Amino acid sequence: MEFKRLVRIMRKRWILIVAFVLLGLVGAAAAALLTPVQYESATRVFVAAQIQNGSTPGDLVQGNNFVVQKLPYYLDVATSPRVLDPVISSLNLDESAVDLAQRVTATTEPGSAVIEIAALASSADAAQQLAQAVSESFTDVVINQLETPADGGASPVTVGVLDPAVAPDNPALPQLYLNLAVGVLIGLLVGLVTALILGLLDRRIYNRDDIERLTVVPVLGGIPLEARATPIISPDGASSARAEAFRVLRTNLEFADADTSRRSLVVTSSVTGEGKTTTLVNLAIVLAQSGATVAVIDADLRTPRLADYLGLDADRGLTEVLLGDVQLKESLQSWGTQHPLTVLSSGKIPTNPSELLGSTAMGTVLDVLSSSYDYVLIDAPSVLAVTDAAVLSRWTGGTLLVVGANRVREPELLAAFDALEAVGTTPLGVVLAMVPTRGPDALVRDGGFAAAMRPAPRAPRTVDGRPSDASRSISPDSESAPTEAQQRVTW
């Protein structure tokens, strides 16, 4: 996995990570509060070989080695019932040797003959008395019971106290700061792992990097999501972050792989709710602001929204033109004053949208408008919902695929590319819409909002020297005889 993606996942889910850290902190604090206060006192005893009269240095070395070898067994003896039962009797404790062993520990360093016996108790004095009693009982058991020769001679080992037990000043448990540190560390690790797993399982598209991992189709623009912004930018050229983003898209579109003689574009998306209609309208506005003549067609004959966004009449439009009920010129409407747009609304919703959009009449409509306007933008339904966008792509010079940030998943976007490629169309570019202006997914470059690097211009696709299906047109100036649909769709 790329380090950049890993960092973005962590930045995006920092709240989750902080929540786990706080949860670990609270859990550690609760554990410390619920842990009974315990004091610890310790004593150190030295186990050595008994020096006999006439012993040689070799005997001393051999005896000390004997003690060191047996020291692990002495550790077990220190917490055995044989040592603890006398302690229970002498201190009048109301617990068994097994329970008392939980509060007594015996440890030593490797190669050392010193044993440290530590004891926990609810008070400092009780901890001191317990540690002292255990060391005395241990000494008695080792010397007078375990190491006493069968013939009644002297024990070969001796046990001496190095450091007597003392009453501690501060409790040993709970260790508040240690608990808090461990809680924070555990919470941080759990939070990082959880955030990483959720990030890897999240297949939604968030930014340009997600798109570029899936396809080589260039990202032509990124549109910021402003909570208080109206869907449509100001047609008078007022400056705003959204307006500037659409101007960047306009500039990048000029360098895309489009047939410059036919600037008819289908604007669609993978699924509904990705902002394709608002993207189309705003792109048309900035194209008109540059001095181009722009015609907009609402070819979403299932759930049309263009007329509602622009406040225009939707009762008579594309459907009636394709059916031959009205002339094309009579159905066109104008929107805006300083930089007007020509709009062909959807009209009534037909029963056979796909057949109408795939008819020769639709190709003639696009051909007539393309010969009269610099740009013709067609609002098409989502690719995965119906086949209308794929059908329309046959009549146009290219397709723009709008991808809503946090609105579409990777499999859906790949399926949309496959659906378009199945009819011989590759999108000219992707427009990333609804991009947050802050956070790890914001497309902020060089102090300002810039959606993408400008794609390099490429030659139009051709097949045997002729325009491909994706860029073919039906020209009214062709020498071939006009069809019935061409005769019917007139100004």
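Let us look at the structure shown here. All values reported here derive from a predicted model rather than from experimental measurement.

Cut-offs used in this document
- Residues numbered from 1 in each chain as written.
- Predicted model: local features only at pLDDT ≥ 70, side-chain atom pairs only at ≥ 80, totals over all residues.
- Heavy atoms only, no water.
- Helix = DSSP H or I, 4+ residues; strand = E, 2+ residues; numbered from the N terminus.
- Buried < 20%, exposed > 50% of the residue type's maximum accessible area, 1.4 Å probe, protein only.
- Contact = heavy atoms within 4.5 Å.
- Areas by Shrake-Rupley, 256 points an atom, 1.4 Å probe, with all protein chains shown as cover.
- Core = buried A, V, L, I, M, F, W, Y, C linked by side-chain atoms within 4.5 Å.
- Pairing = 2+ DSSP bridges.
- Axes fitted to C-alpha atoms, helices over the stretch in contact; angles between N-to-C directions.
- Parallel < 35°, antiparallel > 145°, perpendicular 65-115°, else oblique.
- Left-handed = near helix turned anticlockwise from the far one by under 90°.
- Nonpolar A, V, L, I, M, F, W, Y, C, P; charged D, E, K, R; others polar.
- Phe/Tyr/Trp six-rings, centres within 6.5 Å; stacked < 30°, edge-to-face > 60°.
- Salt bridge = Lys/Arg side-chain N within 4 Å of Asp/Glu carboxyl O.
- Expected span 1.5 Å × (residues − 1).

**Focus on the overall build of the protein**
When helices and strands are tallied, the protein shows 18 helices and 16 strands. Across the 491 residues that make up the protein, the buried fraction comes to 46%. When contacts within the protein are restricted to residue pairs at least 6 apart in sequence, long-range pairs at least 24 apart make up 79% of them. Split by element, the accessible area of the protein, about 24000 Å² in all, is 55% carbon and sulfur.

**Considering the nonpolar core**
The biggest cluster of nonpolar side chains holds 44 residues, and the ones touching the most others in it are Ile297, Leu318 and Val365. With six residues, helix α15 (residues 360–370) is the largest single contributor of residues to this core. Formed by 36 residues, the second largest nonpolar core is a distinct cluster that contains Leu283, Val286, Val431 and Ala433.

**Some details on unusual backbone geometry**
Pro174 follows Leu173 through a cis peptide bond whose omega is 0°. Within the secondary structure, Pro174 is located in the loop between β4 (157–163) and α7 (176–201).

**Quick look at the pairing of strand β2 (residues 104–108)**
Looking along a regular strand, one sees the side chains alternate between the two faces of the sheet. Where β2 meets strand β3 (residues 114–121), five bridges bridge the pair, whose relative direction is antiparallel. In the sheet register, Thr108 faces β3, and the bridge partner there is Ile115. Following β2, the chain reverses through five residues before pairing antiparallel with β3; Gly111 in that reversal takes a positive phi of roughly 80°.

**Examining the packing of helix α1 (residues 3–12) against α7**
Where α1 meets α7, the closest approach of the two axes is 9 Å, and the angle between their N-to-C directions is 110°. Of the possible angle classes, the one that applies to α1 and α7 is roughly perpendicular. You can see that α1 and α7 cross each other, and the crossing is right-handed. Here Arg5, Leu6, Ile9 and Met10 of α1 come into contact with α7, specifically with Leu192, Ala195, Leu196, Gly199 and Leu200. Looking at side-chain class alone, the contact of α1 with α7 contains seven nonpolar, one polar and one charged residues.

**Concerning the sheet that holds strand β1 (residues 39–49)**
One open sheet holds the four strands; their spatial order is β2-β3-β1-β4, and the pairing between them is antiparallel. Unpaired on one side and paired on the other, β2 and β4 mark the two borders of the sheet. Strand after strand, the sheet turns through a mean of 25° between neighbouring axes, direction not considered. In terms of strand pairing, β1 meets β4 through six bridges, oriented antiparallel. Paired with Ala49 across the bridge in β4 is Val157. Of the strands in this sheet, β1, β2, β3 and β4 are in contact with helix α6 (residues 124–146), which crosses β1 at around 20°.

**Digging into the environment of Pro350**
For Pro350, the location among the structural elements is in the loop between β9 (341–344) and α14 (353–357). A C-alpha to C-alpha distance of 9.3 Å links Pro350 and Glu320, two positions 30 residues apart in sequence. What Pro350 contacts, discounting residues up to four positions off in sequence, is Leu301, Thr319 and Leu356.

**Brief notes about the environment of Ala241**
The topology assignment puts Ala241 in helix α9 (residues 241–253). Classification of Ala241 as partly exposed rests on a relative accessible area of 33%. Each C-alpha atom of the pair Ala241 and Pro224 lies 7.2 Å from the other, and the pair is 17 residues apart in sequence. Once residues within four sequence positions are removed from consideration, Ala241 is found in contact with Pro224 and Glu226.

**Examining the packing of helix α4 (residues 81–91) against α6**
One way to put it is that α4 packs onto α6 with a least axis distance of 9 Å and a crossing angle of 130°. With respect to α6, the axis of α4 lies oblique. In this structure, α4 meets α6 at a crossing whose hand is right-handed. On the side of α4, the interface is formed by Arg82, Val83, Leu84, Pro86, Val87, Ser90 and Leu91, while α6 contributes Gln129, Leu130, Ala133, Val134, Ser137, Phe138, Val141, Gln145 and Leu146. Residue composition of the contact of α4 with α6, by class: 11 nonpolar, four polar and one charged.

**With respect to the packing of aromatic side chains**
One pair of aromatic rings is described through two measures. These are the centre distance and the angle between the planes. Tallied over the full model, the rule gives one aromatic pair. On the numbers, 6.5 Å between centres and 80° between planes, the contact of Tyr74 with Phe138 is edge-to-face. Of this pair, Tyr74 sits in helix α3 (residues 57–78) while Phe138 sits in helix α6; the two residues are 64 residues apart in sequence, bridging distant segments of the chain. Taken individually, Tyr74 and Phe138 each receive the classification buried, so the pair is uniform in this respect.

**Some thoughts on the pattern of salt bridges**
Taken as a whole and judged by the stated rule, the model has 13 salt bridges. In this structure, Glu212 and Arg208 form a salt bridge, with 2.6 Å as the shortest nitrogen-oxygen distance. Here the residue Glu212 and the residue Arg208 both occupy positions in helix α8 (residues 208–212), the gap between them amounting to four residues, near one helical turn. Classification of Arg208 as buried rests on a relative accessible area of 13%. Here Arg302 makes a salt bridge to Asp388, at a shortest N to O gap of 2.9 Å. Of this pair, Arg302 sits in the loop between β7 (294–298) and α11 (306–310) while Asp388 is found in helix α16 (residues 388–392), placing the two residues 86 residues apart along the sequence. For Arg302, a relative accessible area of 31% corresponds to the partly exposed category. Asp388 sits in the buried class, given a relative accessible area of 0%.

**Some points on helix α10 (residues 276–289)**
When the terminal C-alpha atoms of α10 are compared, their 20 Å separation across 14 residues agrees well with the 20 Å that a helix rising 1.5 Å per residue should span. Where burial is concerned, most of α10 is hidden: 14 out of the 14 residues are buried. At the exit of α10 stands Gly291, carrying a positive phi of roughly 100°.

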